[in-house]
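Working through the structure, step by step
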Amino acid sequence: MITLALSKGRIFEETLPLLAAAGIQVLEDPEKSRQLILPTNREDVRVVLVRASDVPTYVQFGGADMGVAGKDVLIEHGGQGLFQPLDLRIGRCRVSVATPEHFDYHNVVRRGARLRVATKYTGIAREFFARKGVHVDLVKLYGSMELAPLTGMADAIVDLVSTGNTLRANRLKEVETIMEISSQLVVNQAALRLKQAQLRPLINTFAQAVRHQDG
Ligand SMILES: Nc1ncnc2c1ncn2[C@@H]1O[C@H](COP(=O)(O)OP(=O)(O)OP(=O)(O)O)[C@@H](O)[C@H]1O
Ligand SMILES: O=P(O)(O)OC[C@H]1O[C@H](OP(=O)(O)OP(=O)(O)O)[C@H](O)[C@@H]1O
């Protein structure tokens, strides 16, 4: 049995065409079913639904043989025990610093003043500001980061940006890009050794499908 860990929503939706390229169809719709283990048309392949930020943990500890996770999530997790053989080029966005429209971020950075930053991505933020030599007080949040500057709890946020609509809707502006993000295929290291014969062909088919999708 091969177990694939996916998160509901955009990662699930964007992984479906890659699975289809390998002849795999998921037989339940996660938006309709309450099941957490979804069968596929292949008896030897199943999908488990987990939180996006739990995908690396499930694969690391063998709850799943492989999974799909954003680079953002992988960097925060640390990537221990995981092979990352393929950039799937889905879930594309960026991690950026954003502030209220009228906040002069570049001036604060130039002056070397302290910055209070709210984020779910404390690892990425800590590393980024340390490299810049900016003193930051990090405030850990688990969602709705945009609210932190609006309520005066932080000067800035570090969050994912794609179209910029969420920032605009909350009167925030993107002031610096930290890194580009896409989703990676992650594989349990022991599983890759023990289930080579099943996993290698799957990885190769995904790689072909990614190349094909990108034209
Ligand atoms: N607006 C976006 N556009 C493209 N990709 C995105 C966007 N937002 C998030 N992603 C990518 O998709 C992944 C999953 O995001 P999703 O919103 O489904 O989960 P989440 O709610 O952030 O996770 P959790 O449930 O663990 O809190 C993110 O880790 C990121 O790599
Ligand atoms: O620049 P944009 O195109 O607006 O995308 C950015 C938003 O997308 C993600 O949230 P999502 O819509 O997935 O909501 P959730 O993660 O809070 O469920 C992310 O957390 C940002 O808030």
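What counts and what doesn't
All residue numbers refer to positions counted from 1 along the written sequence of the respective chain. Numbering of ligands from 1 and lettering of chains from A proceed in the order in which they are written. Residues qualify for local features only when their pLDDT is at least 70, as the model is predicted, and side-chain atom pairs are given and counted only at 80 or more; totals for whole chains, interfaces and linings, by contrast, use all residues. Water and hydrogen atoms were dropped before computing side-chain values, which therefore reflect all heavy atoms in the structure. Values of pLDDT, ranging from 0 to 100, describe the predictor's confidence in every residue of the model. For the purposes of this entry, the term helix denotes a DSSP run of H or I that reaches at least four residues, the term strand denotes a run of E that reaches at least two, and both are numbered from the N terminus. For this analysis, residues touch if any pair of their heavy atoms sits within 4.5 Å. The rule is simple: take the accessible area with a 1.4 Å probe, protein chains only, and divide by the maximum for that residue type; under 20% is buried, over 50% is exposed, in between is partly exposed. When we speak of the arc, we mean the arc of directions from the helix axis to the C-beta atoms. Think of it this way: one heavy atom of a residue within 4 Å of a molecule or strand is enough to make that residue near it. Polar contacts here mean pairs of N or O atoms no more than 3.5 Å apart (in protein, one a potential hydrogen donor and the other a potential acceptor; neighbouring residues in sequence count only if both atoms are side-chain atoms). When residues are sorted by character, Ala, Val, Leu, Ile, Met, Phe, Trp, Tyr, Cys and Pro go into the nonpolar class, Asp, Glu, Lys and Arg into the charged class, and all the rest, Gly among them, into the polar class. The split of the chain into domains comes from an automatic or database domain assignment. Here a strand pair is declared whenever DSSP counts at least two bridges between the two strands.

**So, the confidence of the model for the protein**
Here the protein averages 97 in pLDDT, and 100% of its residues register 70 or above. Interface confidence for the predicted complex, given as ipTM, is 0.95, next to a pTM of 0.96.

**Topic: the environment of A156**
Among the structural elements, A156 can be located in strand β9 (residues 156-161). Sequence-wise, A156 and D214 are 58 residues apart; in three dimensions their C-alpha atoms are separated by 35 Å. Beyond its immediate chain neighbours, meaning those up to four positions away, A156 contacts V97, A98, T99, R116, V117 and A118.

**Some details on helix α1 (residues 10-21)**
If you check which residues of α1 are buried, you get I11, F12, T15, L18 and L19. Around the axis of α1, the buried residues are gathered within 120 degrees of arc, so they sit on the same side. The elements touched by buried residues of α1 are β1 (2-6), β2 (37-39), β3 (45-49), β4 (66-70), β11 (183-188) and α9 (196-213). Residue G23 follows α1 closely and has a positive phi angle near 75 degrees.

**Structural notes on unusual backbone geometry**
Residue R89 is not a glycine yet carries a positive backbone phi of 60 degrees. For R89, the location among the structural elements is in the loop between β5 (82-87) and β6 (93-100). The partly exposed category is assigned to R89, whose relative accessible area is 33%. Here S144, not a glycine, exhibits a phi torsion of approximately 45 degrees, which is positive. Counting through the fold element by element, S144 comes out in the loop between β8 (136-140) and α6 (147-150).

**What to know about the site of ligand 1**
Close contacts around ligand 1 come from 16 residues, with R10, R51, S53, D72 and K120 the closest. Measuring from a nitrogen atom of ligand 1, one finds a side-chain N or O atom of R10 at 3.0 Å. S53 is positioned such that a nitrogen or oxygen atom in its side chain is 2.7 Å from an oxygen atom of ligand 1. Residue assignment for the shell around ligand 1 shows that the elements contributing at least two residues are α1 and α3 (71-77). Taken together, the residues of the shell around ligand 1 sort by class into six nonpolar, four polar and six charged. Taken domain by domain, the makeup of the shell around ligand 1 includes at least three residues from each of domain 1 (2-91 + 182-213) and domain 2 (93-180).

**Focus: the domain arrangement of the protein**
Under the domain assignment, the protein is made up of domain 1 (2-91 + 182-213) and domain 2 (93-180). Taking only C-alpha atoms into account, the centre of domain 1 sits 30 Å from that of domain 2. Contacts between the two partners involve six residues from domain 1, matched on the other side by 10 residues from domain 2. Here domain 1 and domain 2 share four residue pairs in polar contact (both at pLDDT 80 or more) between them. Its residues placed into classes, the side of domain 1 that touches domain 2 shows one nonpolar, two polar and three charged.

**Concerning the pairing of strand β7 (residues 115-119)**
Burial runs high along β7: four of the five residues are buried. Direction of pairing for β7 relative to β8: parallel, over a ladder of five bridges. Counted as the bridge partner of L115 is V136 from β8. Across three bridges, β7 lies against β9 in parallel orientation. Residue pairing across strands places V117 opposite A156, the latter belonging to β9.

**Topic: the environment of L115**
Among the structural elements, L115 can be located in strand β7. Separated by 23 residues in sequence, L115 and L138 have C-alpha atoms that sit 8.5 Å apart. What L115 contacts, discounting residues up to four positions off in sequence, is F103, Y105, V108, F129, V134, H135, V136, D137 and D155.

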